[in-house]
Amino acid sequence: QVQLVESGGGLVQPGGSLRLSCVASETILSFNAMGWYRQAPGKQRELVAALSSGGIINYADSVKGRFTLSRGNVESPLFLQMNSLKPEDTAVYYCNARIRSPSSGALTDYWGQGTQVTVSS
């Protein structure tokens, strides 16, 4: 059972920056996708950025050019650098890892507990 722990959230003024980190309880050698989602009050959880197993990163249109997803190597945390933050970026941010079982082939989504990001003056 993979556990994901996020950190780095907080209160920041509009235009500011934050870097979120996601650390896994074990080395994730193979994954289908890893990324960040967010959920604002009264809204559905939405994709922010995701890294595919082929190394392609997809971003939500609303964060393109402002957010950067990165992961150094298989033992590195998953980072989300967020620049030029806007009030509409306010949400709980969740780390996600989608992993296929080598035995059954089933895909399982693992989630962190979330970290609050609040953008306000």
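In case you missed it, the structure is sitting above this.
Remember, it's a predicted structure, so these values are computed and weren't measured experimentally. (Residues numbered from 1 in each chain as written. Predicted model: local features only at pLDDT ≥ 70, side-chain atom pairs only at ≥ 80, totals over all residues. Heavy atoms only, no water.)

Student: Explain the side chain of Thr 115 to me, please; I cannot follow it from the model alone.
Tutor: Along the polypeptide, Thr 115 turns up in strand β11 (residues 115–119). By relative accessible area, which is 10% here, Thr 115 ends up buried. Polar contacts involving the side chain of Thr 115 include one to the main-chain amide nitrogen of Gly 9, which spans 3.2 Å. Look past the residues within four positions of Thr 115 in its chain and what remains in contact with it is Glu 6, Ser 7, Gly 8, Gly 9, Leu 20, Ala 91, Val 92 and Tyr 93. (Helix = DSSP H or I, 4+ residues; strand = E, 2+ residues; numbered from the N terminus. Buried < 20%, exposed > 50% of the residue type's maximum accessible area, 1.4 Å probe, protein only. Polar contact = N/O pair within 3.5 Å; in protein donor to acceptor, adjacent residues only side chain to side chain. Contact = heavy atoms within 4.5 Å.)

Student: Sorry if this is basic, but what is going on with unusual backbone geometry here?
Tutor: Peptide bonds are, in most cases, trans, and in most cases residues other than glycine have a negative phi. Residues other than glycine seldom take positive phi values, yet Ser 84 does so here, at roughly 50°. Tracing the backbone through its elements, the reader meets Ser 84 in the loop between β8 (78–82) and β9 (91–100). Among the residues examined, Ser 84 registers a relative accessible area of 40% and is labelled partly exposed.

Student: Is there a simple way to explain the state of the cysteines in this structure?
Tutor: Any covalent bond linking the sulfur atoms of two cysteines counts as a disulfide. Scanning all chains against the criterion turns up 1 disulfide. Each sulfur in the disulfide pair Cys 22 and Cys 95 lies 2.0 Å from the other. Since a negative S-S torsion denotes a left-handed disulfide, the Cys 22-Cys 95 link at about -80° is left-handed. Of this pair, Cys 22 sits in strand β3 (residues 18–24) while Cys 95 sits in strand β9, placing them 73 residues apart in sequence. Summarising the burial analysis for this pair, Cys 22 and Cys 95 share the class buried. (Disulfide = S-S within 2.5 Å.)

Student: What should I look at first to understand the pattern of salt bridges in this one?
Tutor: Opposite charge on two side chains lets them pair, provided their charged atoms get close. Considering all chains together, one arrives at 5 salt bridges under this definition. For Glu 46, the salt bridge goes to Arg 38, with nearest N and O atoms at 2.7 Å. Residue classification places Glu 46 among the partly exposed positions, given a relative accessible area of 36%. We classify Arg 38 as buried; its relative accessible area is 6%. (Salt bridge = Lys/Arg side-chain N within 4 Å of Asp/Glu carboxyl O.)

Student: Looking at this structure, how should I read the sheet that holds strand β1 (residues 4–7)?
Tutor: In sheet architecture, strand pairing relies on hydrogen bonds along the backbone and comes in two forms, parallel and antiparallel. As summarised here, the arrangement of the 4 strands in space is β1-β3-β8-β7, forming an open sheet in which the pairing is antiparallel. Each edge of the open sheet is held by one strand with a lone partner, namely β1 and β7 (67–71). If you compare each strand with its neighbour and ignore which way they point, the axes differ by 15° on average. For β1 and β3, the ladder comprises 4 bridges, and the chain directions are antiparallel. In the sheet register, Glu 6 faces β3, and the bridge partner there is Cys 22. (Pairing = 2+ DSSP bridges. Axes fitted to C-alpha atoms, helices over the stretch in contact; angles between N-to-C directions.)

Student: Could you clarify how one ought to interpret the packing of aromatic side chains in this entry?
Tutor: Any aromatic ring pair is given by two values, namely how distant the centres are and how the planes are angled relative to each other. Counting across every chain of the model gives 1 aromatic pair. On the basis of an interplanar angle of 70° and a centroid distance of 5.1 Å, the ring pair of Tyr 37 and Trp 111 is categorised as edge-to-face. Of this pair, Tyr 37 sits in strand β4 (residues 33–39) while Trp 111 sits in strand β10 (residues 107–111), and the two are 74 residues apart along the sequence. Positioned above the aromatic ring of Phe 79, the side-chain terminus of Arg 19 is 4.0 Å from the ring centre. Between the NZ or CZ atom of Arg 45 and the centre of the ring of Tyr 94, over which it lies, the distance is 3.7 Å. (Phe/Tyr/Trp six-rings, centres within 6.5 Å; stacked < 30°, edge-to-face > 60°. Lys NZ or Arg CZ within 6 Å of the ring centre and 35° of its normal.)

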